[in-house]
Amino acid sequence: AQKLQESIQSSVPRIAVIGGGIVGLVLAIGLVKRDIQVDVYEQSSGFREIGAGVAFTANAIKCMGLIDSNIVDAFRSVATPNGDPNESTDYLQWIDGFHEGGKLLFRLDAGYKGFEGCHRAHLLEELSKRIDHKQVHFRKRLASLVETDTHVVLEFEDGSTAEADAVIGCDGIKSTVRILLLGSEDPAAHPYFSHKVAYRTLVPMERAEKALGSHIARRQHMHVGPGAHMLHFPLANQTMLNIVAFADEPADWPHGSQNMVTSGTRQEVEATFAGWGSTCRTLASLLPPQLEKWAVFDAYDHPLSSYAKGRVCLAGDAAHASAPHHGAGAGMGIEDALALCTLLEPALKSSSRLQSRGPRSQWLVRSSREVCDIYEWKYPGTGTDMSKCLEEITYRSHKLWYFDIEGMLADLRRLQESGPQE
Ligand code: FAD
């Protein structure tokens, strides 16, 4: 690390970011703002995101602002209010989806504009407008990394190479950088099937509103019950409803971790929610006959013991892929990006200190699995006791939402000032 610091202090640091997803782009924008030379290497031929929703709570939006206010502008230009935009606060709501009547079990105050969703592709498009495209290299699928005393050589599948002072792998749940860092034999190099599947689709708000009424259709709701749950929130200026239905899948995933998406049917979802209350059955009936079925993979079974080695480190899903039940994976990646921008700002120092992101992000991986069991009335500590469920969900949600961001930054700055550790 001493050598690394010396070599980098003598010139402008060059950072290679692998992957131009949400985390890679947010990080790259933040590094450029701090006068760091960045190259983003993306395997696809352009910025690509799926046609589904992603939502952020206030803490993630605050981190965006601390990285660069341009990122908040990008998000706000595509974000959709949760309910009436004039309401003074946003609530996250948990409904008994199983019994008829759809009783509101509990709701948590997420603050003013404290929960907003957007269409993933729209967000990526807005972010991409905020980075110089000369810094982005498409059709560059990373194949290997060779670290020398002074830099890292990146080798791509097309046979070309590039150099950087350090490499940050933001290449998602199927990360190549993670495999290169740990070695393919290490079980933590790969994600594993959580035995849950997610059926995802967007439904025109007009249809949803007719079927569900505007109060439900225009606000985030989580419908919970035994063995399954269903989430929805509005998108695209309240013209679309993002619906995700989660079901058990006891068998192994036949397609392996390289292919996590297959085609599912409305019938499968209708069968899962057949004995449930009418709101969930109506939601299932709104789905198209064929829709995407996602196998939920995560890093729960084999968490990484470190996110960094030498001049290479990981951020976002590459480091801590979690099941989506807290809806916080991208938000956690944005926290990583803020930590990296802060550490790299004055001078590149020991990347091993990025382990300080480990405990919180690995807690998210574990809690995402556990909170799913709480929603589905099978977590040993809560079962069907709704007051205990509320206590657990409140504690876990608040741990995510009220994270001491300034405290993290102060710790990182202190570590940085104390000089190299290896
Ligand atoms: P990715 O978005 O996967 O981006 C990785 C990029 O790297 C891609 O562009 C890929 O093409 C590229 N790449 C991969 N390999 C290579 C290579 N070898 N060389 C070059 N490029 C490469 N999170 C939230 O915060 N809120 C939510 O509401 C939410 N909802 C979710 C709902 C579902 C159903 C799921 C499954 C997840 C949800 N998440 C949510 C989690 C969130 O989607 C992820 O945490 C986030 O998208 C991860 O972003 P990333 O940039 O780390 O990875």
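Residues numbered from 1 in each chain as written. Predicted model: local features only at pLDDT ≥ 70, side-chain atom pairs only at ≥ 80, totals over all residues. Heavy atoms only, no water.

J.: Give a description of the site of the ligand that names residues and reports values.
T.: Around the ligand, the surrounding shell holds 30 residues, and the nearest of these are Glu-42, Ala-55, Arg-120, Asp-317 and Gly-327. Take Glu-42: an N or O atom from its side chain is 2.6 Å from an oxygen atom of the ligand. Ala-55 is positioned such that a nitrogen or oxygen atom in its backbone is 2.8 Å from a nitrogen atom of the ligand. Contact with the protein chains hides 86% of the accessible area of the ligand, taken as 1,000 Å² for the molecule alone. Contributions of two or more residues to the shell around the ligand are made by helix 2 (22-33), strand 3 (53-57) and helix 12 (329-344). The element that contributes the greatest number of residues to the shell around the ligand is helix 12, accounting for three residues. Across the shell around the ligand, the residue classes break down as 11 nonpolar, 11 polar and eight charged. (Near = heavy atom within 4 Å. Polar contact = N/O pair within 3.5 Å; in protein donor to acceptor, adjacent residues only side chain to side chain. Areas by Shrake-Rupley, 256 points an atom, 1.4 Å probe, with all protein chains shown as cover. Helix = DSSP H or I, 4+ residues; strand = E, 2+ residues; numbered from the N terminus. Nonpolar A, V, L, I, M, F, W, Y, C, P; charged D, E, K, R; others polar.)

J.: Give me the sheet that holds strand 12 (residues 192-204): which residues, what numbers.
T.: Spatially, 5-4-13-14-15-12-17-16 is the arrangement adopted by the eight strands of the open sheet, whose pairing is mixed. Both outer strands of the open sheet, strand 5 (104-111) and strand 16 (261-265), are each paired with one neighbouring strand and no more. Neighbouring strand axes in the sheet, compared pairwise and without regard to direction, differ in orientation by 25 degrees on average. Both strand 4 (residues 90-96) and strand 5 contribute to a ladder of six bridges, which runs antiparallel. Opposite Trp-94, over in strand 5, you have Phe-106 as the bridge partner. (Pairing = 2+ DSSP bridges. Axes fitted to C-alpha atoms, helices over the stretch in contact; angles between N-to-C directions.)

J.: So what's going on with the pattern of salt bridges? Residues and values would help.
T.: For the structure shown, the criterion picks out 26 salt bridges. A salt bridge links Glu-116 to Arg-76; the nearest nitrogen and oxygen atoms lie 2.3 Å apart. In this pair, Glu-116 sits in strand 6 (residues 115-119) while Arg-76 sits in helix 4 (residues 69-76), placing the two residues 40 residues apart along the sequence. Of the charged contacts in the structure, one is a salt bridge between Glu-268 and Lys-293, with a shortest N-O distance of 3.2 Å. Remark: Lys-293 occurs in strand 17 (residues 290-298) and Glu-268 occurs in helix 9 (residues 266-272); sequence separation between them is 25 residues. Residue Glu-268 is classed as partly exposed on the basis of its relative accessible area, which comes to 26%. Taking relative accessible area as the criterion, Lys-293 reaches 12% and is therefore assigned buried. Bridged by salt links that share partners, the residues Lys-196, Asp-248, Glu-376 and Lys-378 form one connected network. (Salt bridge = Lys/Arg side-chain N within 4 Å of Asp/Glu carboxyl O. Buried < 20%, exposed > 50% of the residue type's maximum accessible area, 1.4 Å probe, protein only.)

J.: An account of the sheet that holds strand 10 (residues 161-164) is requested, with residue identities and associated values reported.
T.: The antiparallel open sheet is built from three strands, whose spatial order is 8-9-10. In this open sheet, the two edge strands, each paired with only one partner strand, are strand 8 (142-147) and strand 10. Recorded for the sheet is a direction-independent mean angle of 25 degrees between the axes of neighbouring strands.

J.: Explain the nonpolar core residue by residue, including any values.
T.: If you look at the biggest cluster of nonpolar residues, it comprises 51 residues, and the most contacted ones within it are Leu-27, Leu-31, Phe-56, Leu-123 and Ile-168. Beyond its immediate sequence surroundings of up to four residues, Leu-123 is in contact with Ile-22, Val-54, Phe-56, Ala-74, Phe-75, Val-78 and Cys-118. Counting 29 residues, the second largest nonpolar core, distinct from the first, contains Leu-212, Ala-217, Met-260 and Leu-286. (Core = buried A, V, L, I, M, F, W, Y, C linked by side-chain atoms within 4.5 Å. Contact = heavy atoms within 4.5 Å.)

J.: Can you lay out the pairing of strand 6 for me, pointing to particular residues and giving the numbers?
T.: Along strand 6, five of the five residues are buried, which leaves the element largely enclosed by surrounding structure. Judged by which residues are buried, strand 6 turns out to be covered on both faces: Phe-115, Gly-117 and His-119 on one side and Glu-116 and Cys-118 on the other are all buried. Two elements, strand 3 and strand 6, share five bridges in a ladder whose sense is antiparallel. The partner of Ala-55 across the bridge, within strand 6, is Gly-117.

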